[in-house]
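Okay, here's what each chain looks like letter by letter:
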Amino acid sequence: MITIPYLTAVSTYFSYGLLFAFGQLRDYSRLIFDWCSTNNLQGYAPICLAHEDFYIRRLYHRIQDCFNRPISSAPDSWVDVIERRTTKSTRCLNLGSYNYLGFGSFDEYCTPRVIESLKKFSASTCSSRVDAGTTSVHAELEECVANYVGKPAAIVTGMGFATNSAIIPVLIGKGGLIISDSLNHTSIVNGARGSGATIRVFQHNTPAHLERVLKEQIAEGQPRTHRPWKKIIVVVEGIYSMEGEICQLPEIVSVCKKYKAYVYLDEAHSIGAIGKTGRGVCELLGVDTADVDIMMGTFTKSFGSCGGYIAGSKDLIQYLKYHCPAHLYATSISTPSAQQIISAIKVILGEDGSNRGAQKLARIRENSNFFRAELQKMGFEVLGDNDSPVMPIMLYNPAKIPAFSRECLRENVAVVVVGFPATPLLLARARICISASHSREDLIKALKVISKAGDLTGIKYFPAAPKKQEEEKDRIKLD
Amino acid sequence: MFGLLVLFFFSYRFLTFKILVVVKFESQSFASPLLWANDISCSKSTRISSNSLAALCSIHRAKMDTNLVEMFRAGLNWVTMALDAPSARVVLFGVRIQWHIFVEVLLGFVIVILLSQKSYKPPKRPLTEQEIDELCDEWVPEPLIPPITEDMMHEPPVLESAAGPHTTVNGKDVVNFASANYLGLIGHQKLLESCTSALEKYGVGSCGPRGFYGTIDVHLDCETRISKFLSTPDTILYSYGLSTMFSTIPCFCKKGDIIVADEGVHWGIQNGLQLSRSTIVYFKHNDMDSLRSTLEKIMTKNKRSKNLRRYIVAEAVYQNSGQIAPLDEIVKLKEKYKFRVILDESNSFGVLGRSGRGLAEHHGVPIEKIDVVTAAMGHALATEGGFCTGNARIIDYQRLSSSGYVFSASLPPYLASAAITAIDVIDQNPELLVKMKHNIALLWKGLKDIKGMSLASDPESPIVFLKLEKSSGSTKEDLLLLEKMADRALKEDSLLVVSSKKSFLDKCRLPVGIKLLVSAGHSESDLVKVSESLKRLASELLL
């Protein structure tokens with residue numbers, strides 16, 4: 001829950017209103033212009049209706065240089081950001097890539113093995129897993145992942161987004177109920193919609209509200225017929241990528257056990273990044289993995305590869321392998337990527353013979369906590385729990401989005417800014433992702449630059465320490 | 001109840017008037033009945049009708065002479081006297097108050113009271129806490145998955161080397177007809193070189209979605225290369241083949257739009273159609289007459305709304321049956337009925353056409369006529385991912401609204417560089433296409449007289465599909481039989497072939513069979529071997 005200061009809310013609304021008015025003005029003048037020109041698509045309805053992409057044309061296109069910035073090197077801690085319309089690139093500190101453990105670039109243990117597997121198995125198998133797409137590397141990968149996560153078996157697909165979209169319809173269909181957190185990722189929403197089950201939402205990270213919703217729904221039954229539900233699945237995420245918060249898993253699991261609902265945990269951002277040995281939110285919060293029925297995750301963030309996995313009981317995985325469309329119809333995950341994941345897991349667990357894995361895990365925890373503490377001391381409004389490597393800094397005002405981003409880029413720091421529709425309209429933010437490959441000097445430089453940009457744009461909403469924080473009056477709660 | 005009352009009111013009004021006239025006429029205790037009739041109602045028509053009524057009554061009177069009638073008349077007389085007595089001489093506002101006005105006023109009151117009463121609703125009693133707890137306790141959910149049966153335990157073959165035309169399974173060398181490696185680019189030297197240099201420079205993953213520093217220059221180069229190859233204005237890259245279609249379709253098709261799709265499209269397209277929430281009409285697989293009649297029906301049924309978008313969705317080479325879509329006819333129909341075409345060229349990109357530019361070149365149709373072309377790169381290009389190409393407006397729109405592009409990490413850079421190299425190889429080596437076409441022709445010749453199965457795919461498609469001639473009635477039985485055939489082919493003859501597999505989510509009802517994916521890397525002996533083996537197995541298992 002984020003409370004927005006009253007004055008800021010008013011000024012943000014005013015800014016959006018102004019932008020909207022200017023946008024409408026330009027639309028009208030475009031209409032007059034278009035009357036003169038001819039359209040060669042007579043009889044066809046316009047493929048994009050005028051009001052559908054109003055936001056894109058009139059608001060997003062003004063600041064589109066802050067997004068989709070191309071880079072010309074590996075997404076490591078320092079990255080070459082290409083200037084648009086030229087071939088020049090500038091070396092910037094990378095605070096935007098999901099490179100939590102630093103596997104995003106050439107790694108001394110992983111990359112030689114990946115190249116070896118490339119030479120042996122080639123870039124792709126051109127076949128689905130059931131036909132001729134399962135190689136020995138895939139079999140090894142699934143075992144490795146299952147061991148790492150702490151479940152009996154696992155199934156791996158080539159894309160994290162498609163994992164959710166393809167697995168949820170197999171597990172639940174019409175007559176079932178999906179209760180998902182209000183801030184869940186689009187892939188979960190897509191999968192839930194595609195399954196045909198009824199969807200209900202509970203307040204973000206509030207186990208008490210979840211219990212209320214569960215009780216109500218079980219007592220009422222299916223809509224209109226009031227028959228009892230076939231099954232109920234509660235979907236939560238480990239770390240929420242736009243808030244940086246860690247899920248309150250122990251309470252949620254106890255509530256679900258009480259009401260006999262199944263728990264589906266999406267650990268896209270938390271696997272490999274939190275917990276003592278990087279095993280995710282279950283390890284951090286001390287939840288037994290046998291209590292979580294389905295554990296899902298992706299390999300893009302902490303392992304520097306691509307793909308997603310589902311881990312569960314042996315029966316569940318066997319059933320999924322027989323029915324999941326991503327397993328039956330889609331090309332299997334590329335073999336070198338699979339090898340990268342195996343090598344990365346070996347490094348994290350220390351099985352490669354060095355202690356780089358433990359070092360990386362300790363470093364990311366240290367870095368995240370240090371950075372967050374410093375930002376809060378400077379007076380920024382930073383969201384997220386301790387230990388989480390994702391740090392959103394609130395901007396609110398639409399004009400501050402490009403200002404902050406461009407100012408940081410001028411000082412050679414690459415940050416990510418997010419606005420509507422990924423976040424609610426008023427709650428635009430800049431999101432920092434800390435990596436284990438950032439050194440202390442990098443972080444200090446980043447702090448200096450962010451502080452300067454923050455002063456220029458006026459986003460230090462809290463008074464800086466060591467002054468005591470005064471009572472905030474007239475705040476509007478927005479959740 | 002209320003209606004009955006109103007009916008009664010008006011019928012009473014009319015009846016009393018009629019009765020009154022008769023009674024007055026009969027009793028002769030007042031002045032002329034005609035005058036009375038005038039008093040009661042002031043309209044001309046009733047005067048006339050009272051005249052006729054009077055005439056009628058005289059005739060009646062002459063005829064009726066029974067006891068019953070006498071009694072009836074006496075009763076009416078009494079009623080009128082009783083009702084009229086108290087107010088015989090009252091005049092209010094210049095109108096003489098008659099007895100019937102009281103009855104009417106009373107009826108009016110009753111109507112008003114009935115109207116003002118609330119209709120009967122059973123009282124609402126929400127469940128108490130205790131009842132809710134009891135319900136929660138006694139609810140028993142279904143198990144998460146149904147019990148595992150024997151056929152679900154089937155394990156696929158595990159490869160120990162690259163999935164080229166020859167591969168290794170369990171230490172044995174096996175001829176591979178199960179990889180969609182149509183031009184034999186798996187293991188090609190140039191591809192491996194470009195991948196290796198990309199891996200050394202960029203690492204494996206791209207660590208972010210396209211919007212947040214996940215756009216690497218290889219992605220942009222790949223998009224430009226594909227656009228140049230197909231001569232289209234712009235291209236957008238997706239990181240997964242299956243997600244290409246189910247992200248593109250919901251972008252352009254929203255609730256209320258109409259989509260006409262072939263009934264044999266694969267699961268990715270079906271999922272996209274479902275997510276788009278538009279009205280979907282299926283036409284018979286690859287049947288142009290069925291398509292024409294469907295389009296005709298739609299255009300006559302729906303009046304042309306200005307904002308209603310209409311699409312035809314088809315695949316160039318159908319994954320489920322190996323048929324090739326007749327693009328020239330589809331384009332003719334599209335222009336006649338003003339539909340847009342979304343075409344999936346996964347299995348035809350790099351395969352059909354003189355230089356491998358796909359179905360449009362194969363049929364001689366300019367590519368601008370197809371509105372949206374998508375393809376998965378996991379087939380002829382021997383890499384992973386997918387792309388979508390079309391005019392600039394369409395591609396630009398997808399960069400912000402396509403869920404599989406915006407909310408997902410981008411393609412690993414080494415796969416994008418593999419795609420660029422693969423397209424270069426196709427451009428520079430047109431003899432690969434010739435060899436592949438030659439192989440397909442040879443395989444057709446070899447499988448021409450197979451018993452128990454028939455060739456159901458197009459003679460030019462790289463997917464050679466053998467469907468069962470006699471189905472056993474249940475799809476499950478057929479699938480088990482085909483699986484057995486494929487297993488025996490692997491064990492006895494060292495051949496990898498594809499037997500159809502169906503998920504319960506797949507709505508396609510086309511016949512199942514064995515699929516052979518022909519590659520330019522297969523030699524003649526391979527093709528002969530597979531034809532012999534399949535003929536033998538078909539005669540053993542199917543007859």
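None of these values were measured; they are calculated from a predicted model.

A. Main features of the interface of chain B and chain A. Facing 107 residues of chain B, the contacting portion of chain A comprises 109 residues. In total, chain B and chain A occlude about 9,400 Å² of area from one another, counting both sides; carbon and sulfur atoms represent 65% of this. Among the residues chain B hides against chain A, the three largest losses belong to W139, L144 and Y213 of chain B. Together they make up 11% of the total. Connecting chain B to chain A are 3 salt bridges. The partner of K215 of chain A in a salt bridge is D133 of chain B, and the shortest N-O contact between them spans 3.6 Å. Summed over the shared surface of chain B and chain A, the number is 30 residue pairs in polar contact (both at pLDDT 80 or more). Residue contributions to the side of chain B that touches chain A peak at 7 residues, all from helix α7 (residues 189-202) of chain B. For the side of chain B that touches chain A, the class distribution of residues is 55 nonpolar, 26 polar and 26 charged. Relative to strand β5 (residues 215-216) of chain B, strand β2 (residues 70-71) of chain A runs parallel, the two sharing 2 bridges. Opposite P70 of chain A, over in β5 of chain B, you have T215 of chain B as the bridge partner.

B. The arrangement of unusual backbone geometry in detail. All names here are of chain A. Unlike most non-glycine residues, C126 shows phi in positive territory, near 55°. Tracing the sequence through the fold places C126 in the loop between α3 (110-121) and α4 (136-149). By relative accessible area, C126 is classed as buried at 3%. Here the phi dihedral of N412 falls at roughly 65°; this positive angle occurs in a residue that is not glycine.

C. View of the sheet that holds strand β3 (residues 166-169) of chain B. All names here are of chain B. Pairing in this open sheet of 3 strands is mixed, and the strands run β3-β4-β15 from one edge to the other. The outermost strands of the open sheet, each flanked by one partner alone, are β3 and β15 (495-496). With 4 bridges joining them, β3 and strand β4 (residues 172-176) adopt antiparallel strand pairing. Across the sheet, residue V169 finds its bridge partner in β4, namely K172.

D. Layout of the environment of V497 of chain B. Residue position: V497 of chain B is located in the loop between β15 and β16 (498-499). Look at V497 of chain B and you get buried, because its relative accessible area is 8%.

E. Looking closely at the sheet that holds strand β6 (residues 234-238) of chain B. Residues and elements named next belong to chain B. Taken in spatial order, the 7 strands make up an open sheet running β6-β12-β11-β10-β9-β7-β8, and their pairing is mixed. Edge positions in the sheet fall to β6 and β8 (279-283), since each has one partner strand and no second. For this sheet, the mean angle separating the axes of adjacent strands, direction not counted, is 20°. As paired strands, strand β11 (residues 372-376) and strand β12 (residues 386-390) are joined by 5 bridges and run antiparallel to one another. Among the inter-strand pairings, V373 is bridged to a residue of β12, identified as T389. Across the sheet, helix α8 (residues 217-230) touches β6 and β12, and the angle it forms with β6 is around 130°. Contacts between helix α9 (residues 241-252) and the sheet are confined to β6, β7 (258-262), β9 (310-315), β10 (340-344), β11 and β12, with β11 contributing the most and set at about 160° to the helix.

F. Molecular detail of the packing of aromatic side chains. Per the stated rule, a full pass over the model turns up 10 aromatic pairs over all chains. When the ring of F246 of chain B is compared with that of W267 of chain B, the centres are 6.2 Å apart and the planes differ by 80°; the resulting orientation is edge-to-face. With F246 of chain B in helix α9 and W267 of chain B in helix α10 (residues 267-276), this residue pair connects regions lying 21 residues apart in the sequence. Since its relative accessible area comes to 4%, W267 of chain B is described here as buried. Aromatic ring contacts, followed pair by pair, group Y148, F299, F303 and Y309 of chain A into a single cluster. One residue, K360 of chain A, lies across the ring of F103 of chain A, its end atom 4.7 Å from the ring centre.

What counts as what
Residues numbered from 1 in each chain as written. Chains lettered and ligands numbered in written order. Predicted model: local features only at pLDDT ≥ 70, side-chain atom pairs only at ≥ 80, totals over all residues. Heavy atoms only, no water. Contact = heavy atoms within 4.5 Å. Buried area = accessible area lost by both parts, 1.4 Å probe. Salt bridge = Lys/Arg side-chain N within 4 Å of Asp/Glu carboxyl O. Polar contact = N/O pair within 3.5 Å; in protein donor to acceptor, adjacent residues only side chain to side chain. Helix = DSSP H or I, 4+ residues; strand = E, 2+ residues; numbered from the N terminus. Nonpolar A, V, L, I, M, F, W, Y, C, P; charged D, E, K, R; others polar. Pairing = 2+ DSSP bridges. Buried < 20%, exposed > 50% of the residue type's maximum accessible area, 1.4 Å probe, protein only. Axes fitted to C-alpha atoms, helices over the stretch in contact; angles between N-to-C directions. Phe/Tyr/Trp six-rings, centres within 6.5 Å; stacked < 30°, edge-to-face > 60°. Lys NZ or Arg CZ within 6 Å of the ring centre and 35° of its normal.

Interpretation note: all reported values are geometric properties and have no functional meaning in isolation.
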